[in-house]
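# Working through the structure, step by step
Listed here are the chains, written in short residue letters.
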Amino acid sequence: MIRHVTDSDLDRVRAFLESHVDTSLFLLSTLAALGPRLGQHLNSGNFRKIEEDGEIVAVFCLTRRGNLLVQAGGRTGLAEQIFEACESEPIEVRGVVGEWPMAEALWKLLRADPRFETSHNLKDVLYRLMLKDMVGPMPASPNVREIGRASCRE
């Protein structure tokens, strides 16, 4: 069942997104900065969730800019439901941002829609780097120099 995210849903929605944090950063930051409802900001949108047996299995938001932000935990079978739910929004889908399996499934549906014209097609892959694994002991005499205006021109 697809429902709008209400204020009482926020803790559960955040928990779901945080359980997939690597591929939910855009949803999490949009939710934190702009809230779950469409506003004047181009990145705002109406957050929706899909529940099965009382558990959240997907969260998505079509932003005013036209980006469909989505997290479905790797499930692609929800793509048609999500795409159809976006049809009721006053905004048209212009792009998809999310985990690759779902983003690919939604992109295929979007490209099959005769009303959609591709203007830009790009697949960006985000990687996680654990900084705690990169930090080592500080050298006894680190080589440090000031970066000034002259250094920036070189």
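Scroll up to find the structure.
First, a word on scope: everything that follows refers to the structure included in this document.

Rules and cut-offs
In this convention, every chain numbers its residues from 1, walking through the sequence in written order. Restriction of local features to residues with pLDDT of at least 70 applies here, the model being predicted, together with a cutoff of 80 or more for giving and counting side-chain atom pairs; totals for whole chains, interfaces and linings are based on all residues. In computing side-chain values, all of the structure's heavy atoms are included and hydrogens and water are not. Buried means the residue's accessible area, taken with a 1.4 Å probe over protein chains only, is under 20% of the maximum for its type, while exposed means over 50%, and partly exposed covers the values in between. Only DSSP runs of H or I with at least four residues qualify as helices, and only runs of E with at least two residues qualify as strands; both kinds are numbered from the N terminus onward. This arc is taken over the directions from the axis of the helix to the C-beta atoms. Pairs of residues are marked as contacts when any of their non-hydrogen atoms sit within 4.5 Å. To qualify as a nonpolar core, a set must consist of buried Ala, Val, Leu, Ile, Met, Phe, Trp, Tyr and Cys residues joined through side-chain atoms within 4.5 Å. Whenever Lys or Arg places a side-chain nitrogen within 4 Å of a carboxyl oxygen from Asp or Glu, that contact is recorded as a salt bridge.

Our focus in this paragraph is helix H3 (residues 79-86). Burial in H3 covers these residues: Ala79, Ile82, Phe83, Ala85 and Cys86. Along the axis of H3, the buried residues cluster in a sector spanning 160°; they form a single face. The exposed residues of H3 that point more than 90 degrees off its buried face are Glu80 and Glu84. Along its buried surface, H3 packs onto strand E1 (2-4), strand E2 (45-52), strand E3 (55-63), strand E4 (67-71) and helix H4 (100-112).

Attention now moves to the nonpolar core. Within the largest apolar cluster, 22 residues are counted, with the highest numbers of intra-cluster contacts made by Ile50, Phe60, Leu68, Leu78, Ile82, Met102 and Leu106. Residue assignment for this core shows that the elements contributing at least two residues are E3, E4, H3 and H4. With residues near it in sequence (within four places) discarded, Ile50 still touches Met1, Ile2, Glu55, Ile56, Val57, Ala58, Phe60, Leu78, Gln81 and Ile82.

Within this structure, the stated rule accounts for ten salt bridges. One salt bridge connects Glu51 with Arg12, and the closest N-O pair in it is separated by 2.6 Å. With Glu51 in strand E2 and Arg12 in helix H1 (residues 10-18), this residue pair connects regions lying 39 residues apart in the sequence. Since its relative accessible area comes to 15%, Glu51 is described here as buried. Ionic pairing is found between Glu52 and Arg75, a salt bridge with its closest N-O pair at 3.0 Å. With a gap of 23 residues between them, Glu52 in strand E2 and Arg75 in the loop between E4 and H3 connect regions that are remote in the sequence.

All right, on to unusual backbone geometry then. Its identity as a non-glycine residue notwithstanding, Asp53 has a phi of 50°, on the positive side. Residue placement: Asp53 occurs in the loop between E2 and E3.

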